[in-house]
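# Fold and geometry: a report
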There are 2 protein chains.
Amino acid sequence: MDNDMQYCTVEPALDVIVGKWKISILFLLFQGTKRFSELQRDIPDITKKVLASQLRELEEQDIIRRVVYAVVPPKVEYSLTEYGHSVKPVLQTIHQWGRAHLEHMGLKKGIEETTT
Amino acid sequence: MDNDMQYCTVEPALDVIVGKWKISILFLLFQGTKRFSELQRDIPDITKKVLASQLRELEEQDIIRRVVYAVVPPKVEYSLTEYGHSVKPVLQTIHQWGRAHLEHMGLKKGIEETTT
DNA sequence: CTGGATCCGTCGGGATACTG
DNA sequence: CAGTATCCCGACGGATCCAG
């Protein structure tokens with residue numbers, strides 16, 4: 001990876017959003033602080049292990065904050081760091097283009113089918 | 001994946017840029033039309049098979065165009081479609097945030113180290 | 001409740017050889 | 001030159017069980 005010195009800085013950003021569930025997690029946390037169990041409830045198809053691992057990655061990247069309460073039963077809250085909020089515009093940009101992309105591909109498919 | 005109806009449109013966009021070499025390919029094609037061999041030369045660590053597969057994916061997504069010349073030896077040119085150019089701002093947004101992210105993580109690391 | 005540990009399947013990507 | 005065909009491997013994610 002030395003051929004793309006000039007532009008390889010795209011990739012670190014991708015680490016933050018690439019991961020099967022990271023985007024779901026981020027969107028949920030954009031709404032505010034969530035507990036582990038809340039995230040698990042709102043993302044039904046994710047397992048604890050994977051949720052935990054994705055959260056840990058985001059935490060290491062300083063995108064989210066993990067707060068452990070010394071109570072029983074345990075309580076852990078996750079929230080965006082101040083820095084974490086800065087990914088929002090990135091996600092929105094991708095989101096908008098993604099919508100346009102879907103539409104574009106839909107149109108293309110429609111056109112192709114009308115030619116049959 | 002029915003829990004994130006509202007925001008799952010982030011993912012299709014990601015398909016375009018996720019892939020170990022897609023970003024490198026896109027950046028090269030932003031410069032203009034390239035032949036297969038040129039791409040391979042400019043991305044030294046990629047193999048033909050992988051280059052071909054990544055190109056095919058981008059082509060299916062209507063991001064790039066593949067033009068085959070009926071000459072011998074064979075000649076194939078790849079270029080961005082008009083639509084493909086629209087990913088540029090997306091990449092730039094990610095790129096900019098990526099740079100800031102690197103800097104941020106660097107600072108964080110520095111701070112942590114000065115505390116030792 | 002919030003995880004960690006373990007095992008396992010899948011899939012993207014890589015090495016190599018072959019072809020039109 | 002521009003690929004395809006095969007085989008291979010490691011990383012990621014999933015299922016299940018265990019623990020503080």
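Look a little higher up for the structure.
Let us look at the structure shown here. Computed from a prediction, not measured in an experiment: that's the story for all the values here. (Residues numbered from 1 in each chain as written. Chains lettered and ligands numbered in written order. Predicted model: local features only at pLDDT ≥ 70, side-chain atom pairs only at ≥ 80, totals over all residues. Heavy atoms only, no water.)

All right, on to the sheet that holds strand β2 (residues 64-69) of chain A then. Sheet strands pair via backbone hydrogen bonds, and the direction of the pair is either parallel or antiparallel. Residue and element names in this part refer to chain A. Reading across the sheet, the 3 strands line up as β1-β3-β2 and stay open at both edges, with antiparallel pairing between neighbours. If you trace the sheet from one side to the other, it starts and ends with β1 (34-35) and β2, each paired once. With 6 bridges connecting them, β2 and strand β3 (residues 75-80) associate as antiparallel partners. Along β3, the bridge assignment pairs V68 with V76. Where helix α2 (residues 22-30) meets the sheet, its contacts fall on β1, β2 and β3, and the angle it forms with β3 comes to roughly 90°. (Pairing = 2+ DSSP bridges. Helix = DSSP H or I, 4+ residues; strand = E, 2+ residues; numbered from the N terminus. Contact = heavy atoms within 4.5 Å. Axes fitted to C-alpha atoms, helices over the stretch in contact; angles between N-to-C directions.)

When chain A is fitted to chain B, the best match, at an RMSD of 0.1 Å, comes from turning it 180° and sliding it 0.0 Å along the axis. Interpreted geometrically, this transformation is the action of a two-fold axis. (Least-squares fit on C-alpha atoms with pLDDT ≥ 70 in both.)

On to the packing of α2 of chain A against helix α5 (residues 87-114) of chain A, then. All names here are of chain A. Closest axis-to-axis distance for the α2/α5 pair is 11 Å, and the angle between their directions is 120°. In terms of their interaxial angle, α2 and α5 are classed as oblique. Between α2 and α5 lies a crossing of left-handed hand. Every residue of α5 that contacts α2 at L26, F27 and F30 is listed here: V87, K88 and L91. Of the residues belonging to the contact of α2 with α5, the class tally is 5 nonpolar, no polar and 1 charged. (Parallel < 35°, antiparallel > 145°, perpendicular 65-115°, else oblique. Left-handed = near helix turned anticlockwise from the far one by under 90°. Nonpolar A, V, L, I, M, F, W, Y, C, P; charged D, E, K, R; others polar.)

Right, let's talk about the protein's contact with DNA strand C for a bit. Close to DNA strand C lie 20 residues; R66 and Y78 of chain A together with K20, K49 and Q54 of chain B are nearest. Those atoms of DNA strand C that come within 4 Å of the protein belong to sugar or phosphate at a rate of 65%. S37 of chain A places a polar main-chain atom, nitrogen or oxygen, 2.9 Å from a phosphate oxygen of DNA strand C. Note that a phosphate oxygen of DNA strand C is positioned 2.2 Å from one of the side-chain N or O atoms of R66 of chain A. Elements supplying a minimum of two residues to the surface near DNA strand C: α3 (36-42), α4 (48-60) and β3 of chain A together with α4 (48-60) of chain B. Considering each element in turn, the surface near DNA strand C owes the most residues, 4 residues, to α4 of chain A. Looking at the surface near DNA strand C residue by residue, the classes come out as 9 nonpolar, 4 polar and 7 charged. (Near = heavy atom within 4 Å. Polar contact = N/O pair within 3.5 Å; in protein donor to acceptor, adjacent residues only side chain to side chain.)

So, about the protein's contact with DNA strand D. Neighbouring residues of DNA strand D: 21 residues in total, closest K49 of chain A together with R35, S37, R66 and Y78 of chain B. The sugar-phosphate portion of DNA strand D accounts for 60% of its atoms within 4 Å of the protein, the bases making up the rest. Separating a sugar or linking oxygen of DNA strand D from a backbone N or O atom of P74 of chain B is a distance of 3.1 Å. V76 of chain B places a polar main-chain atom, nitrogen or oxygen, 3.3 Å from a phosphate oxygen of DNA strand D. Ranked by residue count, the leading element in the surface near DNA strand D is α4 of chain B, at 4 residues.

What follows concerns the interface of chain A and chain B. With 45 residues of chain A at the contact, the number on the chain B side is 45 residues. Summed over both partners, the interface of chain A with chain B buries about 3900 Å², with 70% contributed by carbon and sulfur atoms. Counting the contacts that link chain A with chain B gives 0 salt bridges. Counting across the interface, chain A meets chain B through 6 residue pairs in polar contact (both at pLDDT 80 or more). Broken down by secondary-structure element, the contributors of at least two residues to the side of chain A that touches chain B are α1 (10-17), α2 and α5 of chain A. Here the side of chain A that touches chain B takes 15 residues from α5 of chain A, the largest share from any one element. When grouped by side-chain class, the residues that make up the side of chain A that touches chain B number 25 nonpolar, 11 polar and 9 charged. (Buried area = accessible area lost by both parts, 1.4 Å probe. Salt bridge = Lys/Arg side-chain N within 4 Å of Asp/Glu carboxyl O.)

Grouped together as the largest cluster of nonpolar side chains are 60 residues, with contacts concentrated most on L26, I63 and I94 of chain A together with L26, I63 and I94 of chain B. Each residue touching L26 of chain B, except ones within four places of it in the same chain, is listed here: V16, I17, L58, I63, L80, V87 and L91 of chain B. (Core = buried A, V, L, I, M, F, W, Y, C linked by side-chain atoms within 4.5 Å. Buried < 20%, exposed > 50% of the residue type's maximum accessible area, 1.4 Å probe, protein only.)

Bringing the packing of α2 of chain A against α4 of chain A into the picture now. All names here are of chain A. Look at α2 against α4: their axes get within 10 Å of each other, and the N-to-C directions meet at 70°. Here α2 is positioned roughly perpendicular relative to α4, judged by the angle of their axes. Two secondary-structure elements touch here, α2 through K22, I25 and L26 and α4 through L51, Q54, L55, E57 and L58. Residues that form the contact of α2 with α4 fall into these classes: 5 nonpolar, 1 polar and 2 charged.

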